[in-house]
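Commentary on secondary and tertiary structure
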Amino acid sequence: MTAIKHALQRDIFTPNDERLLSIVNVCKAGKKKKNCFLCATVTTERPVQVKVVKVKKSDKGDFYKRQMAWELRDLTEVDAKDANKENPEFDLHFEKVYRWVASSTAEKNSFICCIWKLNQRYLRKKVEFVNVSAQLLEELPKAEESVPSSENQSVAGGDEDALDDYQELNTREEQDIEGMMEVCEYAISNAEAFAEKLSKELQVLDGANIQSIMASEKQVNILMQLLDEALTEVDTIEGKLSSYEEMLQSVKDQMDQISQSNRLIQISNSNNDKLLDEIQFLVNHMDLSRGHIRALQEGDLSSPKGIEACINASEALLQCMSVALRPGHDKLAAVKQQQMLFCELRDAFARRLTNHLNNVFVHQFNHFSHFKMTIPQFYRSSCLSLPGHDQSSTLSQHTADLTLPKHSPLHRDLLRYAKLMEWLKNTQREKYDGLSRTYVDYMSRLYEREIKDFFEGAKIKMAGTTKEPKGKFGVAGLHGSSGKLTGSTSSLNKLAVQGSSSRRSQSSSLLDMGNMSASDLDVADRTKFDKIFEQVLSELEPLCLAEQDFIIKFFKLQQQVPLAQAEVDDTDGGTSSRPPANEHRHSISSERDMVRFMMNKIFQSIETELNSLIALGDKMDSFHSLYMLVKMSHHVWTAENVDPASYLSTTLGNVLVTVKRNFDKCIQGQIRAMEEVKISKKSKVGILAFVTSFEEFAELAETIFRNAERRGDLDKAYSKLIRAVFFNVEKVANESQKTPRDVVMMENFHHIFSTLSRLKISCLESERREAKHKYTEHLQAYVITSLGQPLEKLNHFFEGVEARVAQGVREEEVSYQLAFSKQELRKVIKEYPGKEVKKGLDNLYKKVDKHLCEEESLLQVVWHSMQDEFIRQYKHFEGLIGRCYPGSGITMDFTIQDMLEYFSSIAQSH
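What counts, and where the lines are drawn
Residues numbered from 1 in each chain as written. Predicted model: local features only at pLDDT ≥ 70, side-chain atom pairs only at ≥ 80, totals over all residues. Heavy atoms only, no water. Helix = DSSP H or I, 4+ residues; strand = E, 2+ residues; numbered from the N terminus. Buried < 20%, exposed > 50% of the residue type's maximum accessible area, 1.4 Å probe, protein only. Phe/Tyr/Trp six-rings, centres within 6.5 Å; stacked < 30°, edge-to-face > 60°. Lys NZ or Arg CZ within 6 Å of the ring centre and 35° of its normal. Axes fitted to C-alpha atoms, helices over the stretch in contact; angles between N-to-C directions. Parallel < 35°, antiparallel > 145°, perpendicular 65-115°, else oblique. Contact = heavy atoms within 4.5 Å. Nonpolar A, V, L, I, M, F, W, Y, C, P; charged D, E, K, R; others polar. Pairing = 2+ DSSP bridges.

The subject of this paragraph is the environment of Asn-600. Relative to the assigned elements, Asn-600 resides in helix α21 (residues 583-602). By relative accessible area, which is 23% here, Asn-600 ends up partly exposed. Sequence separation between Asn-600 and Thr-651 is 51 residues; the distance between their C-alpha atoms is 8.9 Å.

Here it is, written out as structure tokens:
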């Protein structure tokens, strides 16, 4: 063990300026036997540090390495396990308990004894020793007591040296030994002789020392006496030091008490500061001034100053009630009392505010109701007060200004309470809801009466636009009283308006509103209806928007909602089909629903009255649906630009559906009337009534829909109508017996082509080209069919010639055919001299004139086309004569110049 101790001192502790005092070979208890060494060390430099170091032998060699170290001051307990029996186990309590098993009990006891001594010297008995033999701990004190007092300090100072079993030579001692060995030549070769020599020299020195001691006995006695006196002084000093220590201990106890008192005072001051902070918090946030309390209890809710004071007091009360109390505040009696006071003030002020606003609602309603006289009552009273006064003139006079009463004064008076309503909404939701229901109830009755009177006045003005209802477009216009098309176009138009002036002759006046005449009755009535309908919508729009804006501001609904987030809901005021993304959006959606619900309740009669007005206009004249569609579309577009989720845009959108349905019904009625048309078998057809009606419809529609938002609806209607017109023109042409089919097709498609070319309707461009093609096609067919009759035999002869050529007979050999010889050709030509041809053309002109109608003025066009066709046939006949009868000298009895004169003279004569 000594060799190991020396090796550890040299390799591990000397480089770290440490001295090894004790060592024990141990292993951990309960584990595989892995030996290591626990070493007790002190540093060579002051202040001295005492450590317990764990050293382990390396697995790859014979050297040792430092594995772990603990400061001795961190050691709290040493447990030897058993004080009576030999037990190699022991525990060291540092930050945790380390259990060890020593290689022998003696090593364990030696190590524990060293720890105990170090504890006595450096730690002032801090470490607790458990299950350690008292005999082991008493060995050192007894040894110290047996040493004279003069040597106590040296022993005490040499505790560390006494612990060493082996001391390493220092440098000086090594140099002295080396010097002695150099003087003695055989110091290395004969160690025994060298040792014997050293022994003899030591004995000589010992003898000299003894003699010196004996010679200095007197000095020794004197020295001993001095030492005794020094010890006495030391004892005296130690007594004084002990008394000083006791005094210092008393001072220390007093200082500890003072320190404890200071700490308690600091804690008390800190608690007082915190308490003051809590009190200030409660006073600042839960104290309501007397002025605010007086305003809540007695404030005047009818004057501006009183309302302002109540608003400030209610906001202060809401702020006090909404303060976030800190933990424990709700258990304080004062806080509970203050909260009860706030609740009483809140409830009392809410009742007072609710009663006042209810009275305001009733007063305003009675005020408007008292001074409001309905239109029928006003008319009746006016008529009764003026005997002999014409009632119709009275109605016209008093309905000149069709307006709705404005409620801006009511809104202005109520908006003063908007902030109080917001306070009521946040504090007393039930009373807030009750007020909203009361407001809706009174205003719905007021608006219902006003709107009913307003629409009744509008209906009276509309009814005054015409003395008798107009027939439905296309039904009376096409059927007439007899239900059939009569002999001429003029008679058809007379039937179409039931005895009024011809719509066909007055269609151009639709675009000229300046020169009014008796025949312009339809245009004037429609224009007046359009103005009345526009006036109705223009009055309703600001009324609804103003009321919705007031509801939002007064009841504090739908605050700061961007238009981009507004969702268009169902027209019945239901909630949006999309679920809200979070609670905030849900709150916004519910407020929008509340606005929509209140507006639906207040203006529940608007949609019904509008539909009734639309039905009246449609009954008066189906053309009114065009005006209503344009106006309603414009107002819906305007309302959606302002707020797509507003009540106005939703209601007008619903009414627009009805108007669109009436417009579609008007178009379907026209198409059905076209399909039900029947023609007379005894009169010529001419321009069909539904073709003229389509022209009138297109002219009127283009005037109404100029720059309109819903042009697409009109384009779809055009497509349906023009297809029906094309189909039924061909149907009537096929059924015509008096007028040739080609004439019916040619005249009507020419009229359609002219109308479309004049109006320049872009969506009907392909139909315009189709109408032109059909007109040209049937014009050519009619000309060819008609020209076959004046030169019938000549036509038949040359048809036979062409047939022979087609059968393979050479053209120059056709004259050898008996039926087509030159003699036969001369006979046929003789039958058509110039006079006969002119006579035949004159009869043909009369026949064409009989077939064509006067309105379309196509006679000259057809006659000119026949002239061109006749000249073409003439040139064709001459060509056949030249090819089939060459050199025969056969020619027609008339020339092309003669034919031009015939056609010109016939046209001029008629």
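As a further point, take the packing of aromatic side chains. Summed over all chains, the structure comprises 25 aromatic pairs. Consider the rings of Tyr-447 and Phe-603, whose centres lie 4.5 Å apart with planes at 45 degrees: the pair is tilted. Of this pair, Tyr-447 sits in helix α16 (residues 429-463) while Phe-603 sits in the loop between α21 and α22 (606-620); the two residues are 156 residues apart in sequence, bridging distant segments of the chain. Neither residue differs from the other here; Tyr-447 and Phe-603 are each classed as buried. Relative to Phe-554, the ring of Phe-550 lies with its centre 5.2 Å away and its plane at 10 degrees, an arrangement referred to as stacked. Within this pair, Phe-550 and its partner Phe-554 are both found in helix α20 (residues 521-554), separated by four residues, close to a single helical turn. The exposure class assigned to Phe-554 is buried, which follows from its relative accessible area of 0%. In textbook terms, an aromatic cluster arises when at least three aromatic residues are bridged by ring pairs, as seen for Phe-361, Tyr-432, Tyr-439, Phe-550, Phe-554 and Phe-555. Positioned above the aromatic ring of Phe-281 is the side chain of Arg-326, whose terminal nitrogen or guanidinium carbon lies 4.2 Å from the ring centre.

Further remarks concern the packing of helix α24 (residues 647-675) against helix α26 (residues 711-735). Think of two packed helices as two axes; the pair is described by the angle between the axes and how far apart they sit. One way to put it is that α24 packs onto α26 with a least axis distance of 9 Å and a crossing angle of 10 degrees. In this view, α24 runs roughly parallel relative to α26, as classed from their interaxial angle. For the pair α24 and α26, contact is made by Lys-660, Phe-663, Ile-667, Gln-668, Gln-670, Ile-671, Met-674 and Glu-675 and by Asp-713, Leu-714, Ala-717, Lys-720, Leu-721, Ala-724, Val-725, Asn-728 and Lys-731, respectively. Here the contact of α24 with α26 is built from residues that sort into nine nonpolar, three polar and five charged.

Turning to the pairing of strand β1 (residues 18-28), a few remarks are in order. It is a general feature of regular strands that their side chains alternate between the two faces of the sheet. Counting buried positions over the eleven residues of β1 gives nine, a clear majority of the element. Pairing of β1 with strand β2 (residues 36-43) involves eight bridges; the strand directions are antiparallel. Counted as the bridge partner of Leu-20 is Thr-41 from β2. Where β1 and strand β7 (residues 97-102) come together, three bridges link them in antiparallel fashion. If you follow Lys-28 over to β7, its bridge partner there is Trp-100.

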